[in-house]
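# Chains, contacts and geometry: an overview
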Amino acid sequence: MSDAAMIVAGAIACLGLSGAGSALGTGYAAAAAVGAWKKCYAANKPAPFLLLSFVGAPITQTLYGMILMFIMLGKVGNVAPGAGVPVLVAGIFAGLAIGLSALFQGRAGAAACDAQAETNQGFTNSLAALGIVETVAIFAMVFALIALGAIK
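Residues numbered from 1 in each chain as written. Predicted model: local features only at pLDDT ≥ 70, side-chain atom pairs only at ≥ 80, totals over all residues. Heavy atoms only, no water.

### Describing the overall build of the protein chain
Counting its regular elements, the protein chain contains five helices and zero strands. Ordered by position from the N terminus, the helices and strands of the protein chain form the series α-α-α-α-α. For the protein chain, the spread of C-alpha atoms along the principal axes amounts to about 65 × 25 × 15 Å. Split into buried and exposed, the 152 residues of the protein chain put 39% on the buried side. Within the protein chain, counting contacts between residues at least 6 apart in sequence, those at least 24 apart form 89% of the total. A total accessible area of about 7600 Å² is found for the protein chain, and carbon and sulfur atoms account for 75% of it. The average position of the 6 basic charges and that of the 4 acidic charges among the side chains of the protein chain differ by 2 Å. (Helix = DSSP H or I, 4+ residues; strand = E, 2+ residues; numbered from the N terminus. Buried < 20%, exposed > 50% of the residue type's maximum accessible area, 1.4 Å probe, protein only. Contact = heavy atoms within 4.5 Å. Areas by Shrake-Rupley, 256 points an atom, 1.4 Å probe, with all protein chains shown as cover. Lys, Arg positive; Asp, Glu negative; His and termini not counted. Charge placed at Lys NZ, Arg CZ, Asp CG, Glu CD.)

Here is the structure:
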């Protein structure tokens, strides 16, 4: 496989893995939000619109994967021979870290949906917890950018 093909494969893997994590994470949180709203309707309580912030939180990880994808694609034809393997490896592992962050952010978001709907309290604390999980994705993206910058 040529260097260009490996770089493109790394870029696709990065976006695909981060996007898959976002899909799983938003899916978990969305299911919990729908269940929490059902409980609210059954109890004749207003359904909190704020739950959508927990549902949407894992979407940003797809953007991080997209940023890395564009940086990687910019390396096609602009790197020394042999650079394909490191870019491919960076794409796979950065995408995996970013995607797992989204997955677990969605799991935490699901718990936040349930707690917010039941108590109508703790929104800020829940967002802070989701932000900490998001930080893993940001670190993975930044460190991957640094590593990609070292590939000439």
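### A closer look at the nonpolar core
Judged by nonpolar contacts, the single largest core of 19 residues is most densely connected at Leu68, Met72, Val87, Ile98, Leu148 and Ile151. At the level of elements, α1 (3–42), α3 (60–73), α4 (84–119) and α5 (123–149) are the ones that each hand at least two residues to this core. Considering every element that reaches this core, the biggest residue donor is α5, with five residues. Counting 13 residues, the second largest nonpolar core, distinct from the first, contains Ala36, Val55, Ala112 and Ala117. (Core = buried A, V, L, I, M, F, W, Y, C linked by side-chain atoms within 4.5 Å.)

### Remarks on α1
A rise of 1.5 Å per residue sets the reference length of α1, with its 40 residues, at 58 Å; its end C-alpha atoms lie 58 Å apart and thus fit the reference within 8%. Asn44 sits one or two residues past α1 and shows a positive phi near 60°. (Expected span 1.5 Å × (residues − 1).)

### A few points about α5
In this model, α5 (27 residues) spans 38 Å end to end at C-alpha, consistent with the 39 Å of a helix rising 1.5 Å per residue. Listed as buried for α5 are Ser126, Leu130, Glu134, Ala137, Ala140, Met141, Ala144 and Leu148. Residues of α5 that are buried sit in contact with α2 (51–56), α3 and α4.

### Details of the packing of aromatic side chains
Counted under the stated rule, the structure contains two aromatic pairs. Arranged with centres 5.4 Å apart and planes meeting at 45°, the rings of Phe54 and Phe123 form a pair that is tilted. Of the two residues, Phe54 sits in helix α2 while Phe123 sits in helix α5, which places them 69 residues apart along the sequence. Here the aromatic rings of Phe139 and Phe143 are separated by 5.7 Å at their centres, their planes lie at 20°, and the arrangement is stacked. (Phe/Tyr/Trp six-rings, centres within 6.5 Å; stacked < 30°, edge-to-face > 60°.)

### Remarks on the environment of Gly91
Along the polypeptide, Gly91 turns up in helix α4. According to the relative accessible area criterion, Gly91 is buried, its value standing at 0%. Separated by 57 residues in the primary sequence, Gly91 and Leu148 have C-alpha atoms spaced 9.6 Å apart. Once residues lying within four places of it in the same chain are set aside, the contact partners of Gly91 are Gly10, Ala13, Cys14 and Met72.

### Concerning the environment of Gly131
Note that Gly131 resides in helix α5. For the pair Gly131 and Ala57, spaced 74 residues apart in the sequence, the C-alpha separation amounts to 8.6 Å.

### Here we look at the side chain of Thr26
Relative to the assigned elements, Thr26 resides in helix α1. Not counting the four nearest positions on each side in its chain, Thr26 is found in contact with Val55, Pro58 and Ile59.

### Observations concerning the packing of α3 against α4
Packing of α3 against α4 leaves a shortest axis separation of 9 Å and a crossing angle of 170°. By the angle between their directions, the pair α3 and α4 is classed as roughly antiparallel. The residues of α4 that touch α3, namely those facing Gln61, Tyr64, Gly65, Leu68 and Met72, are Val87, Ala90, Gly91, Ala94, Ile98, Ser101, Ala102 and Gln105. Across the contact of α3 with α4, the residue classes tally to eight nonpolar, five polar and no charged. (Axes fitted to C-alpha atoms, helices over the stretch in contact; angles between N-to-C directions. Parallel < 35°, antiparallel > 145°, perpendicular 65-115°, else oblique. Nonpolar A, V, L, I, M, F, W, Y, C, P; charged D, E, K, R; others polar.)

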